[in-house]
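Close look at the chain arrangement
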Amino acid sequence: MGAGHGHTLHFHGHSAVHRAPAHLKILALLTFVLVVVATPREWYPVFALHLALVVGVAVVSRVPAVYLLKRMVVEVPFVVFAVLLPFVAHGPRTDVLGLSLSESGLLGAWGLLVKGTLGVLASLVLAATTEPQDLLVGLQRLRLPSQLVQIMGFMVRYLEVVTTEMHRMRIARESRGFVARNPRHWPVLARSMGALFIRSYERGERVHLAMLSRGYTGELPR
Amino acid sequence: MSVPVLDVQGLAYAYPDGHQALFGVDLHVHRGERVALLGPNGAGKTTFVLHLNGILTAGAGTVSVSGLAVEKANVAEIRRRVGVVFQDPDDQLFMGTVRADVAFGPANLGLTRAEVDHRVVTALEAVGMAEHADRPPHHLSFGQRRRVAVATVLAMQPEILVLDEPSSNLDPASRRELADIVRSLDVTVLMVTHDLPYALELCPRSVVLSGGAVVADGATYDVLVDEELMRAHRLELPFGFDPRTTRNPRIDGTLAP
């Protein structure tokens, strides 16, 4: 079993940021994101302040910058959308490097980009400094309904089991000469996904049986 | 004779789709016994196990554990008395850490925090996994996860430990370690398996389930050397294994000459 160690987002460390209680970190992230989103996009210097704050926390946490930057690729779809905005938006236009761009589009793109980037960066810092298990404990302390915390807990626990299973299914497919190259192959992928869904569903039932066998009545012990 | 730990009489069961899996199973297991339940794939072994702790309800017949009938009203106490270790440890271990997982059962019993902690430590020590208490289950090897799965059930201090295919997917070293653990436990064991050498090594007595009924019940050695019986019920000894020539000091004195 190729059980990887640690979640891909978590960076092991012992800094003050790592040690801070998870529920405080979650609250801080939430507040920070709300403030960033609420900041009018024309207040340019304030964004520099926001950025300085996140970078400051990242430096204290001793998580390497490269580590965080690599993981920022999740933002790419938003970046693409933001880059398109100046080209497709209406209103007065301005010339940048010989291109005629929409002014409101540029501003919109800036707003989207800066707020998105700050949000993603702050979330990555939280994820890099907090074990998924501690995050769950933090959410529980913040009085998130226990059903939701339970569901997230199962997700954390079984994410790897399901992705390993998916990986094995792909290897088994490819071992029989199948490689998905074009849309004609999609029905096969769809059937694989269906099989994976059913397997996961059945595993869910077996987990539930195993829980009942140990006296589960609907509440997880604290 | 004393009240058997496990007393199954005339147990029959048909799945909701009409497929009948068990046709009148009788089985008695007494305190301190280690019994192997043998049978080919599809013999109804797992269905049988799910009756022992009230997950499935008997269509006909009765199951009782130390004199307490398995029925809706007693289900909580029954699940304390019967500890089932399922075949896939990933089904059994679902909490974030080994410690939390082993604590799950005792906490459901409503024990105090101190009692739960004590049971967790004792159970993990019994399977040699105490030092891994704070690791997430998915970081453990398969053999370690199986041992933790045994601990999750031991922590409930069951009267009978039911192991479903305990040796499946284990490498020979993990398999031997698990055997050592099972031998060291002071608890009644029902081991469901088609790993015949493992049954001979651990269980003095074997019961053969085939086609949803008990077809043999006796000393494991006698069952394994009865070629006719074995052939009739799709039980085969692995290549090169012959109980007659196996001399293993660890086998609990059940070996014939």
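None of the values given here were measured: they were computed from a predicted structure. (Residues numbered from 1 in each chain as written. Chains lettered and ligands numbered in written order. Predicted model: local features only at pLDDT ≥ 70, side-chain atom pairs only at ≥ 80, totals over all residues.)

A look at unusual backbone geometry
Residues and elements named next belong to chain B. Located in the positive-phi region is Q157, a residue other than glycine, with phi close to 45 degrees. Looking at where Q157 falls in the secondary structure, it is placed in the loop between α6 (142-154) and β7 (160-164). Q157 gets classed as partly exposed once you count the C-beta atoms within 10 Å, which come to 16. (Helix = DSSP H or I, 4+ residues; strand = E, 2+ residues; numbered from the N terminus. Buried ≥ 20, exposed ≤ 12 C-beta atoms within 10 Å, placed from the backbone.)

What about the interface of chain B and chain A?
Each partner contributes to the interface: chain B provides 25 residues, whereas chain A provides 23 residues. Secondary-structure elements contributing two or more residues to the side of chain B that touches chain A are α2 (75-81), α3 (89-92), α4 (98-108) and α6 of chain B. With 5 residues, the top contributor of residues to the side of chain B that touches chain A is α4(B). Looking at the side of chain B that touches chain A residue by residue, the class counts come to 12 nonpolar, 9 polar and 4 charged. (Contact = placed C-beta atoms within 7 Å. Nonpolar A, V, L, I, M, F, W, Y, C, P; charged D, E, K, R; others polar.)

Focus on the sheet that holds strand β1 (residues 6-14) of chain B
Residue and element names in this part refer to chain B. What the 4 strands build is an open sheet, ordered β2-β1-β4-β5; its pairing is antiparallel. Only two strands of the sheet have a single neighbouring strand rather than two, namely β2 (20-29) and β5 (68-69). Taken together, the 2 bridges between strand β4 (residues 60-65) and β5 define a ladder with antiparallel strand orientation. Pairing of S64 across the sheet is with A69, part of β5. (Pairing = 2+ DSSP bridges.)

Considerations on the nonpolar core
When a protein is soluble and globular, its nonpolar side chains tend to lie buried together. Grouped together as the largest cluster of nonpolar side chains are 78 residues, with contacts concentrated most on A151(B), V162(B), L190(B) and M191(B). Those residues in contact with A151(B), other than ones at most four positions away along the chain, are V102(B), A123(B), L124(B), A126(B), V127(B) and M129(B). Membership of the second largest hydrophobic core comes to 17 residues, among which are A58(A), L118(A), L124(A) and L126(A). (Core = buried A, V, L, I, M, F, W, Y, C linked by C-beta atoms within 7 Å.)

Topic: helix α1 (residues 45-52) of chain B
Residue and element names in this part refer to chain B. The buried fraction of α1 is high, at 6 of 8 residues. What α1 keeps buried is the set K45, T47, F48, V49, H51 and L52. Trailing α1 by a residue or two, G54 shows a phi angle of about 75 degrees, which is positive.

Considering the domain arrangement of chain A
Interface extent is often summarised as the accessible area lost during association of the parts. Splitting chain A by domain gives domain 1 (16-137) and domain 2 (145-213). Once you take the C-alpha centre of each, domain 1 of chain A and domain 2 of chain A turn out to be 32 Å apart. (Domains from an automatic or database assignment.)

Looking at the confidence of the model for chain B
Residue and element names in this part refer to chain B. Confidence in the prediction of chain B, expressed as mean pLDDT, is 90, and 95% of residues score 70 or more. Every residue in residues 252-257 is under pLDDT 50, and counting partners more than four places away or in other chains gives 7 contacts. Confidence metrics for the complex model read pTM 0.75 and ipTM 0.72. (pLDDT = per-residue confidence, 0-100.)

Comments concerning the pairing of strand β6 (residues 82-85) of chain B
All names here are of chain B. Every second residue of β6 is oriented toward a common face, with V82 and V84 on one face and G83 and V85 on the other, all of them buried. Where β6 meets β7, 4 bridges bridge the pair, whose relative direction is parallel. Its bridge partner lying in β7, G83 is registered against L161.

Focus: the packing of helix α3 (residues 44-61) of chain A against helix α6 (residues 103-129) of chain A
All names here are of chain A. Viewed as axis vectors pointing N to C, α3 and α6 meet at an angle of 15 degrees, and their least axial separation amounts to 10 Å. In terms of their interaxial angle, α3 and α6 are classed as roughly parallel. As for the relative orientation of α3 and α6, their crossing is left-handed in sense. From α3, F47, H50, L51, V54, V57, A58 and S61 reach across to α6, where they touch V114, L118, L121, A122, V125, A128 and T129. Residues that form the contact of α3 with α6 fall into these classes: 11 nonpolar, 3 polar and no charged. (Axes fitted to C-alpha atoms, helices over the stretch in contact; angles between N-to-C directions. Parallel < 35°, antiparallel > 145°, perpendicular 65-115°, else oblique. Left-handed = near helix turned anticlockwise from the far one by under 90°.)

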